[in-house]
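The lines below spell out each chain.
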Amino acid sequence: MRVVSGIQPTGNLHLGNYLGAIRNWVRMQDEMEQGSECLFFLADLHAISQPHDPKELASATLEMTAALVACGIDPSRSILFNQAQVPAHAELQWLLNGTARMGWLGRMTQWKDKAGKNREGQSVALFTYPVLQAADVLLYQATHVPVGEDQKQHLELARDIAQKFNNDFCEPDAPVFTLPDPIVPPDAARIMSLRDGSAKMSKSDPSEMSRINLSDDADEIMRKIKKAKTDPEALPSEAKGLDGRPEAQNLVGIYAAVSGESVDAVLARFGGQGFGAFKPALGELLVEALAPISERFRELKQDREALDAILARGAARARERGIPTLNAAYRALGLVRGAS
Ligand code: TYM
(Lines give C-alpha, C1' and ligand atoms only; values in the text may rest on other atoms or scores of the structure.)
Protein backbone atom coordinates (compact mmCIF):
# COMPACT_ATOMS: atom_id res chain seq x y z
CA MET A 1 0.00 0.00 0.00
CA ARG A 2 1.38 3.38 -0.99
CA VAL A 3 -0.53 6.44 0.16
CA VAL A 4 0.21 9.73 -1.62
CA SER A 5 -1.52 13.11 -1.35
CA GLY A 6 -0.80 16.82 -1.56
CA ILE A 7 -2.05 20.26 -0.61
CA GLN A 8 -1.40 23.68 -2.09
CA PRO A 9 0.59 25.87 0.29
CA THR A 10 -1.29 29.06 -0.58
CA GLY A 11 -3.41 30.46 2.26
CA ASN A 12 -4.22 28.85 5.55
CA LEU A 13 -5.16 25.27 6.26
CA HIS A 14 -8.94 25.40 6.79
CA LEU A 15 -11.58 23.15 8.25
CA GLY A 16 -12.51 21.79 4.79
CA ASN A 17 -8.93 20.67 4.14
CA TYR A 18 -8.74 19.16 7.60
CA LEU A 19 -12.02 17.23 7.64
CA GLY A 20 -11.98 16.38 3.91
CA ALA A 21 -8.37 15.28 3.62
CA ILE A 22 -5.74 15.84 6.31
CA ARG A 23 -7.59 13.97 9.05
CA ASN A 24 -7.66 10.97 6.71
CA TRP A 25 -3.94 11.36 5.97
CA VAL A 26 -3.24 11.12 9.69
CA ARG A 27 -5.53 8.10 10.11
CA MET A 28 -3.90 6.30 7.21
CA GLN A 29 -0.44 7.12 8.53
CA ASP A 30 -1.38 5.79 11.96
CA GLU A 31 -2.81 2.57 10.54
CA MET A 32 0.11 1.87 8.18
CA GLU A 33 1.40 -1.64 8.22
CA GLN A 34 5.00 -2.77 7.73
CA GLY A 35 6.13 -2.39 4.13
CA SER A 36 3.55 0.33 3.41
CA GLU A 37 4.40 3.98 3.15
CA CYS A 38 2.79 7.43 3.12
CA LEU A 39 4.08 10.39 1.12
CA PHE A 40 2.52 13.80 1.75
CA PHE A 41 3.64 16.94 -0.03
CA LEU A 42 3.16 20.67 -0.37
CA ALA A 43 2.14 21.32 -3.96
CA ASP A 44 4.25 24.46 -4.37
CA LEU A 45 4.73 23.90 -8.11
CA HIS A 46 0.95 24.04 -8.45
CA ALA A 47 0.88 27.42 -6.74
CA ILE A 48 2.44 29.16 -9.77
CA SER A 49 -0.54 28.28 -11.96
CA GLN A 50 -2.31 31.35 -10.61
CA PRO A 51 -1.07 34.83 -9.68
CA HIS A 52 1.09 34.52 -6.57
CA ASP A 53 3.66 36.50 -4.64
CA PRO A 54 7.13 34.87 -4.95
CA LYS A 55 8.19 36.53 -1.69
CA GLU A 56 5.43 34.70 0.16
CA LEU A 57 5.56 31.26 -1.44
CA ALA A 58 8.56 29.87 0.48
CA SER A 59 7.23 31.01 3.86
CA ALA A 60 3.71 29.78 3.02
CA THR A 61 5.22 26.38 2.22
CA LEU A 62 6.99 26.28 5.59
CA GLU A 63 3.83 27.38 7.40
CA MET A 64 1.76 24.70 5.73
CA THR A 65 4.41 22.17 6.73
CA ALA A 66 4.02 23.31 10.34
CA ALA A 67 0.23 23.04 10.01
CA LEU A 68 0.42 19.46 8.74
CA VAL A 69 2.76 18.41 11.54
CA ALA A 70 0.43 20.14 14.04
CA CYS A 71 -2.46 18.05 12.65
CA GLY A 72 -0.53 14.85 13.34
CA ILE A 73 1.57 14.13 10.26
CA ASP A 74 4.72 12.62 11.75
CA PRO A 75 7.76 13.27 9.54
CA SER A 76 9.59 10.30 11.02
CA ARG A 77 6.86 7.94 9.83
CA SER A 78 5.55 9.70 6.72
CA ILE A 79 7.61 11.25 3.96
CA LEU A 80 6.78 14.96 4.09
CA PHE A 81 8.23 17.20 1.38
CA ASN A 82 7.58 19.94 -1.16
CA GLN A 83 7.35 19.29 -4.90
CA ALA A 84 9.90 21.91 -5.93
CA GLN A 85 12.68 19.92 -4.23
CA VAL A 86 11.83 16.80 -6.23
CA PRO A 87 12.36 17.66 -9.91
CA ALA A 88 10.99 14.28 -10.99
CA HIS A 89 7.44 15.66 -10.59
CA ALA A 90 7.97 18.28 -13.29
CA GLU A 91 9.92 15.85 -15.47
CA LEU A 92 7.23 13.22 -15.34
CA GLN A 93 4.57 15.81 -16.07
CA TRP A 94 6.29 16.60 -19.36
CA LEU A 95 6.37 12.94 -20.29
CA LEU A 96 2.67 12.58 -19.44
CA ASN A 97 1.79 15.67 -21.50
CA GLY A 98 2.34 13.43 -24.49
CA THR A 99 -0.43 11.11 -23.28
CA ALA A 100 -3.01 13.48 -21.75
CA ARG A 101 -5.60 14.79 -24.22
CA MET A 102 -6.76 18.40 -24.53
CA GLY A 103 -10.39 17.23 -24.38
CA TRP A 104 -9.81 15.47 -21.05
CA LEU A 105 -8.33 18.60 -19.50
CA GLY A 106 -11.03 20.82 -20.97
CA ARG A 107 -13.64 18.82 -19.08
CA MET A 108 -12.08 19.41 -15.64
CA THR A 109 -14.61 21.31 -13.53
CA GLN A 110 -11.88 23.09 -11.55
CA TRP A 111 -10.43 24.46 -14.79
CA LYS A 112 -13.88 25.65 -15.85
CA ASP A 113 -14.58 27.21 -12.44
CA LYS A 114 -11.21 28.89 -12.08
CA ALA A 115 -10.93 30.10 -15.68
CA GLY A 116 -14.54 31.29 -15.85
CA LYS A 117 -15.22 33.27 -19.00
CA ASN A 118 -11.59 34.32 -19.40
CA ARG A 119 -9.99 31.09 -20.68
CA GLU A 120 -7.69 32.87 -23.12
CA GLY A 121 -6.16 34.92 -20.33
CA GLN A 122 -5.28 31.95 -18.09
CA SER A 123 -1.81 30.49 -17.70
CA VAL A 124 -1.05 27.27 -19.55
CA ALA A 125 -0.14 25.88 -16.11
CA LEU A 126 -3.71 26.29 -14.86
CA PHE A 127 -4.90 24.16 -17.79
CA THR A 128 -2.23 21.47 -17.49
CA TYR A 129 -2.24 21.45 -13.67
CA PRO A 130 -4.12 18.09 -13.54
CA VAL A 131 -1.29 16.46 -15.52
CA LEU A 132 1.18 17.56 -12.85
CA GLN A 133 -1.24 16.18 -10.27
CA ALA A 134 -1.26 12.86 -12.15
CA ALA A 135 2.56 12.88 -12.16
CA ASP A 136 2.51 13.57 -8.39
CA VAL A 137 0.84 10.25 -7.65
CA LEU A 138 1.96 8.06 -10.57
CA LEU A 139 5.62 8.83 -9.82
CA TYR A 140 5.32 6.90 -6.55
CA GLN A 141 3.08 4.04 -7.72
CA ALA A 142 0.39 5.38 -5.34
CA THR A 143 -2.36 2.89 -4.57
CA HIS A 144 -4.48 5.14 -2.31
CA VAL A 145 -4.94 8.91 -2.58
CA PRO A 146 -6.92 10.48 0.30
CA VAL A 147 -8.66 13.63 -0.98
CA GLY A 148 -11.86 15.63 -0.62
CA GLU A 149 -14.68 15.25 -3.13
CA ASP A 150 -13.45 18.17 -5.28
CA GLN A 151 -10.26 16.29 -6.25
CA LYS A 152 -11.97 13.08 -7.33
CA GLN A 153 -12.22 14.13 -10.96
CA HIS A 154 -8.48 14.91 -11.08
CA LEU A 155 -7.75 11.44 -9.74
CA GLU A 156 -9.97 9.85 -12.38
CA LEU A 157 -7.95 11.75 -14.95
CA ALA A 158 -4.72 10.40 -13.41
CA ARG A 159 -6.11 6.88 -13.85
CA ASP A 160 -7.02 7.60 -17.49
CA ILE A 161 -3.54 8.94 -18.19
CA ALA A 162 -1.89 5.94 -16.50
CA GLN A 163 -4.10 3.51 -18.37
CA LYS A 164 -3.46 5.09 -21.77
CA PHE A 165 0.29 5.30 -21.15
CA ASN A 166 0.41 1.63 -20.08
CA ASN A 167 -1.65 0.62 -23.13
CA ASP A 168 0.28 2.69 -25.64
CA PHE A 169 3.85 2.16 -24.44
CA CYS A 170 4.12 -0.93 -22.21
CA GLU A 171 3.92 -4.68 -22.61
CA PRO A 172 0.65 -5.93 -21.07
CA ASP A 173 2.54 -7.78 -18.34
CA ALA A 174 4.86 -4.86 -17.52
CA PRO A 175 2.83 -1.65 -17.02
CA VAL A 176 4.87 1.34 -15.84
CA PHE A 177 2.09 2.89 -13.75
CA THR A 178 -0.23 1.70 -10.97
CA LEU A 179 -3.82 2.97 -11.17
CA PRO A 180 -4.45 4.98 -7.97
CA ASP A 181 -7.73 4.85 -6.01
CA PRO A 182 -9.10 8.09 -4.59
CA ILE A 183 -10.11 7.73 -0.92
CA VAL A 184 -12.89 10.21 -0.17
CA PRO A 185 -14.29 10.26 3.39
CA PRO A 186 -17.96 9.22 3.64
CA ASP A 187 -18.71 12.26 5.78
CA ALA A 188 -17.18 15.73 5.37
CA ALA A 189 -16.08 15.08 1.78
CA ARG A 190 -17.29 18.55 0.89
CA ILE A 191 -17.39 21.22 3.59
CA MET A 192 -19.18 24.33 2.37
CA SER A 193 -18.55 28.03 2.89
CA LEU A 194 -20.02 29.53 6.06
CA ARG A 195 -21.39 32.38 3.97
CA ASP A 196 -22.89 30.37 1.11
CA GLY A 197 -24.06 26.77 1.40
CA SER A 198 -23.68 26.23 -2.34
CA ALA A 199 -19.94 27.10 -2.55
CA LYS A 200 -17.20 24.93 -1.07
CA MET A 201 -15.07 26.24 1.78
CA SER A 202 -11.93 27.43 0.02
CA LYS A 203 -8.61 29.18 0.57
CA SER A 204 -9.31 31.43 -2.38
CA ASP A 205 -12.62 32.82 -1.08
CA PRO A 206 -11.92 36.53 -0.45
CA SER A 207 -14.08 36.49 2.70
CA GLU A 208 -12.28 35.30 5.84
CA MET A 209 -15.74 34.79 7.36
CA SER A 210 -16.40 31.99 4.88
CA ARG A 211 -13.94 29.59 6.50
CA ILE A 212 -12.53 28.44 9.82
CA ASN A 213 -8.74 28.39 9.64
CA LEU A 214 -6.86 25.96 11.83
CA SER A 215 -4.89 28.92 13.13
CA ASP A 216 -8.01 30.83 14.28
CA ASP A 217 -8.25 31.47 18.01
CA ALA A 218 -11.31 30.65 20.13
CA ASP A 219 -12.87 34.12 19.71
CA GLU A 220 -12.50 34.04 15.94
CA ILE A 221 -14.04 30.57 15.72
CA MET A 222 -17.02 31.56 17.88
CA ARG A 223 -17.52 34.80 15.91
CA LYS A 224 -17.41 33.04 12.54
CA ILE A 225 -19.84 30.32 13.62
CA LYS A 226 -22.26 32.83 15.17
CA LYS A 227 -22.20 34.90 11.95
CA ALA A 228 -22.53 31.83 9.68
CA LYS A 229 -25.44 32.07 7.26
CA THR A 230 -28.48 30.01 8.29
CA ASP A 231 -32.22 29.94 7.72
CA PRO A 232 -34.93 30.90 10.22
CA GLU A 233 -36.30 27.36 10.75
CA ALA A 234 -35.59 25.16 13.77
CA LEU A 235 -33.43 22.08 13.21
CA PRO A 236 -35.27 18.93 12.11
CA SER A 237 -34.94 15.74 14.13
CA GLU A 238 -33.74 13.56 11.21
CA ALA A 239 -31.19 13.97 8.40
CA LYS A 240 -33.78 14.01 5.62
CA GLY A 241 -35.33 17.16 7.10
CA LEU A 242 -32.14 19.00 6.04
CA ASP A 243 -32.87 18.53 2.32
CA GLY A 244 -33.05 21.90 0.57
CA ARG A 245 -31.38 23.64 3.54
CA PRO A 246 -27.71 23.70 2.45
CA GLU A 247 -26.42 25.99 5.22
CA ALA A 248 -28.11 23.98 7.97
CA GLN A 249 -26.90 20.77 6.37
CA ASN A 250 -23.34 22.08 6.29
CA LEU A 251 -23.27 23.14 9.95
CA VAL A 252 -24.83 19.92 11.19
CA GLY A 253 -22.46 17.96 8.92
CA ILE A 254 -19.48 19.77 10.45
CA TYR A 255 -20.76 19.01 13.96
CA ALA A 256 -21.17 15.32 13.10
CA ALA A 257 -17.75 15.06 11.42
CA VAL A 258 -15.97 16.68 14.34
CA SER A 259 -17.82 14.83 17.11
CA GLY A 260 -17.64 11.50 15.27
CA GLU A 261 -21.43 11.03 15.48
CA SER A 262 -23.93 10.44 12.68
CA VAL A 263 -26.04 13.37 11.46
CA ASP A 264 -29.13 11.58 12.80
CA ALA A 265 -27.55 11.28 16.25
CA VAL A 266 -26.73 15.01 16.28
CA LEU A 267 -30.27 15.89 15.20
CA ALA A 268 -31.80 13.57 17.78
CA ARG A 269 -30.23 15.91 20.34
CA PHE A 270 -30.73 19.29 18.65
CA GLY A 271 -33.94 18.66 16.65
CA GLY A 272 -36.60 21.27 17.38
CA GLN A 273 -34.02 23.81 18.61
CA GLY A 274 -33.04 26.93 16.69
CA PHE A 275 -29.58 28.04 15.61
CA GLY A 276 -29.41 30.27 18.70
CA ALA A 277 -28.81 27.08 20.68
CA PHE A 278 -26.99 25.03 18.05
CA LYS A 279 -24.35 27.56 16.98
CA PRO A 280 -22.74 28.06 20.42
CA ALA A 281 -22.60 24.27 20.85
CA LEU A 282 -20.92 23.89 17.46
CA GLY A 283 -18.52 26.75 18.21
CA GLU A 284 -17.48 25.18 21.50
CA LEU A 285 -17.00 21.78 19.92
CA LEU A 286 -14.73 23.31 17.26
CA VAL A 287 -12.73 25.35 19.77
CA GLU A 288 -12.12 22.24 21.82
CA ALA A 289 -11.13 20.13 18.80
CA LEU A 290 -8.92 22.75 17.15
CA ALA A 291 -7.21 24.30 20.19
CA PRO A 292 -4.46 21.66 20.50
CA ILE A 293 -3.76 21.89 16.75
CA SER A 294 -3.54 25.68 16.66
CA GLU A 295 -1.36 25.73 19.77
CA ARG A 296 1.12 23.26 18.24
CA PHE A 297 0.99 25.14 14.95
CA ARG A 298 1.94 28.42 16.62
CA GLU A 299 4.94 26.76 18.29
CA LEU A 300 6.14 24.81 15.26
CA LYS A 301 5.99 27.66 12.80
CA GLN A 302 8.57 29.63 14.80
CA ASP A 303 11.24 27.01 14.18
CA ARG A 304 12.07 27.60 10.52
CA GLU A 305 15.26 25.54 10.70
CA ALA A 306 13.46 22.46 11.95
CA LEU A 307 10.85 22.85 9.18
CA ASP A 308 13.56 23.23 6.51
CA ALA A 309 15.22 20.09 7.82
CA ILE A 310 11.94 18.13 7.68
CA LEU A 311 11.43 19.14 4.04
CA ALA A 312 15.03 18.46 3.01
CA ARG A 313 14.95 14.98 4.51
CA GLY A 314 11.52 14.25 3.06
CA ALA A 315 12.64 15.41 -0.40
CA ALA A 316 15.71 13.15 -0.32
CA ARG A 317 13.53 10.17 0.52
CA ALA A 318 10.93 11.09 -2.10
CA ARG A 319 13.60 11.49 -4.81
CA GLU A 320 14.83 7.98 -4.07
CA ARG A 321 11.31 6.53 -4.29
CA GLY A 322 10.45 8.33 -7.56
CA ILE A 323 13.51 7.70 -9.71
CA PRO A 324 12.83 4.06 -10.77
CA THR A 325 9.39 4.95 -12.15
CA LEU A 326 10.68 8.08 -13.85
CA ASN A 327 13.45 6.08 -15.55
CA ALA A 328 10.96 3.42 -16.59
CA ALA A 329 8.68 6.08 -18.14
CA TYR A 330 11.61 7.52 -20.16
CA ARG A 331 12.56 4.05 -21.35
CA ALA A 332 8.99 3.17 -22.34
CA LEU A 333 8.91 6.30 -24.52
CA GLY A 334 12.23 5.43 -26.23
CA LEU A 335 14.19 8.07 -24.33
CA VAL A 336 17.32 7.71 -22.28
CA ARG A 337 17.33 9.87 -19.18
CA GLY A 338 20.51 11.77 -18.37
CA ALA A 339 22.05 11.54 -14.93
CA SER A 340 20.83 14.11 -12.39
P1 TYM B 1 -6.19 21.79 -2.12
O2 TYM B 1 -4.93 22.41 -1.66
O3 TYM B 1 -7.25 22.70 -2.68
O4 TYM B 1 -6.87 20.98 -0.93
C5 TYM B 1 -6.17 20.01 -0.17
C6 TYM B 1 -7.10 18.88 0.21
O7 TYM B 1 -8.24 19.39 0.92
C8 TYM B 1 -9.45 18.95 0.30
N9 TYM B 1 -10.46 20.03 0.41
C10 TYM B 1 -11.69 19.87 0.90
N11 TYM B 1 -12.34 18.80 1.39
C12 TYM B 1 -13.60 18.97 1.84
N13 TYM B 1 -14.26 20.17 1.81
C14 TYM B 1 -13.65 21.28 1.32
N15 TYM B 1 -14.27 22.46 1.31
C16 TYM B 1 -12.31 21.16 0.83
N17 TYM B 1 -11.41 22.03 0.28
C18 TYM B 1 -10.29 21.33 0.03
C19 TYM B 1 -9.07 18.72 -1.16
O20 TYM B 1 -9.97 17.83 -1.80
C21 TYM B 1 -7.68 18.15 -1.03
O22 TYM B 1 -7.73 16.76 -0.78
N23 TYM B 1 -4.83 19.86 -6.49
C24 TYM B 1 -4.85 19.64 -5.07
C25 TYM B 1 -3.49 19.39 -4.46
C26 TYM B 1 -2.74 18.28 -5.12
C27 TYM B 1 -2.98 16.89 -4.94
C28 TYM B 1 -2.01 16.24 -5.77
C29 TYM B 1 -3.90 16.13 -4.19
C30 TYM B 1 -1.71 18.44 -5.97
N31 TYM B 1 -1.25 17.20 -6.37
C32 TYM B 1 -1.96 14.86 -5.85
C33 TYM B 1 -3.82 14.75 -4.28
C34 TYM B 1 -2.86 14.11 -5.11
C35 TYM B 1 -5.43 20.87 -4.41
O36 TYM B 1 -5.39 21.95 -4.94
O37 TYM B 1 -5.90 20.62 -3.14
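All of these numbers come straight from a predicted model, not from anything done at the bench.

(A) View of the domain arrangement of the protein. Per the domain assignment, the segments making up the protein are domain 1 (2-189 + 304-332) and domain 2 (208-300). Inter-centroid distance (C-alpha atoms) of domain 1 to domain 2 is 30 Å. Listed as interface residues are 16 residues of domain 1 and, on the opposing side, 14 residues of domain 2. Taken together, both faces of the contact between domain 1 and domain 2 bury some 1300 Å²; the carbon and sulfur share is 71%.

(B) Spatial organisation of the nonpolar core. Ile22 and Phe278 are the most contacted members of the largest nonpolar core, which has 55 residues in total. Lining this core are residues from two domains, each supplying at least three of them: domain 1 (2-189 + 304-332) and domain 2 (208-300). Look past the residues within four positions of Ile22 in its chain and what remains in contact with it is Ile7, Leu13, Asn17, Leu68 and Cys71. Counting 43 residues, the second-largest nonpolar core is a separate cluster that includes Ala100, Leu105, Ala135 and Leu139.

(C) Inspection of the site of the ligand at higher detail. Surveying the vicinity of the ligand reveals 28 residues, the closest of which are Tyr129, Asp136, Asp150, Ile191 and Lys203. Between the ligand and Gln133 there is a distance of 2.9 Å, counted from a nitrogen atom to a side-chain nitrogen or oxygen. The contact in question runs from a nitrogen atom of the ligand to an N or O atom on the side chain of Asp136, over 2.6 Å. Protein burial of the ligand: of its 710 Å² of free accessible surface, 96% is covered by the chains. Those elements that provide at least two residues to the shell around the ligand are strand E1 (2-7), helix H1 (15-30) and helix H6 (124-138). Counted by class, the shell around the ligand contains 12 nonpolar, 11 polar and five charged residues.

(D) Geometry of the pattern of salt bridges. Under the defined criterion, the tally for this structure stands at 17 salt bridges. For Glu37, the salt bridge identified is with Arg321, shortest N-O distance 2.7 Å. Of this pair, Glu37 sits in strand E2 (residues 37-42) while Arg321 sits in helix H12 (residues 304-332), and the two are 284 residues apart along the sequence. For Glu37, a relative accessible area of 17% gives the class buried. A salt bridge links Arg211 to Glu208; its shortest N-O distance comes to 3.0 Å. Using a relative accessible area of 5% as the deciding quantity, one classes Arg211 as buried. Residues joined in a network through salt bridges with shared partners are Arg2, Glu37, Glu320 and Arg321.

(E) Main features of empty space enclosed by the protein. For the structure on display, the rule yields one cavity of 30 Å³ or more. Estimated volume of the largest cavity: approximately 60 Å³. As for the largest cavity, its lining consists of Met108, Gln110, Trp111, Lys114, Leu126, Tyr129, Pro130 and His154. Broken down by secondary-structure element, the contributors of at least two residues to the lining of the largest cavity are helix H5 (109-115) and H6. Broken down by class, the residue content of the lining of the largest cavity amounts to five nonpolar, two polar and one charged.

(F) Seen up close, the packing of aromatic side chains. Tallying each qualifying case throughout the model produces 10 aromatic pairs. Geometrically, the ring pair formed by Phe41 and Phe81 is tilted, given 5.6 Å between the ring centres and 35° between the ring planes. Taken together, the positions of Phe41 in strand E2 and Phe81 in strand E3 (residues 79-82) put the pair 40 residues apart, joining distant regions of the chain. With respect to burial, Phe41 and Phe81 carry one shared label: buried. Both rings, one in Trp111 and one in Phe127, keep their centres 4.9 Å apart while their planes meet at 75°; by these two values the pair is edge-to-face. Here the residue Trp111 occupies a position in helix H5, and Phe127 occupies one in helix H6, the gap between them amounting to 16 residues. The pair Trp111 / Phe127 is uniform in exposure class, with both members buried. By the ring-pair criterion, three or more aromatic residues cluster together here, those being Tyr255, Phe270, Phe275 and Phe278.

What counts, and where the lines are drawn
- Residues numbered from 1 in each chain as written.
- Predicted model: local features only at pLDDT ≥ 70, side-chain atom pairs only at ≥ 80, totals over all residues.
- Heavy atoms only, no water.
- Domains from an automatic or database assignment.
- Contact = heavy atoms within 4.5 Å.
- Buried area = accessible area lost by both parts, 1.4 Å probe.
- Core = buried A, V, L, I, M, F, W, Y, C linked by side-chain atoms within 4.5 Å.
- Buried < 20%, exposed > 50% of the residue type's maximum accessible area, 1.4 Å probe, protein only.
- Near = heavy atom within 4 Å.
- Polar contact = N/O pair within 3.5 Å; in protein donor to acceptor, adjacent residues only side chain to side chain.
- Areas by Shrake-Rupley, 256 points an atom, 1.4 Å probe, with all protein chains shown as cover.
- Helix = DSSP H or I, 4+ residues; strand = E, 2+ residues; numbered from the N terminus.
- Nonpolar A, V, L, I, M, F, W, Y, C, P; charged D, E, K, R; others polar.
- Salt bridge = Lys/Arg side-chain N within 4 Å of Asp/Glu carboxyl O.
- 1 Å grid on protein atoms, 1.4 Å probe; cavity = no way out; pocket = protein on both sides within 12 Å on 5 of 7 lines; lining within 4 Å.
- Points joined across faces, edges and corners; volume = space filled by probe spheres on them.
- Phe/Tyr/Trp six-rings, centres within 6.5 Å; stacked < 30°, edge-to-face > 60°.

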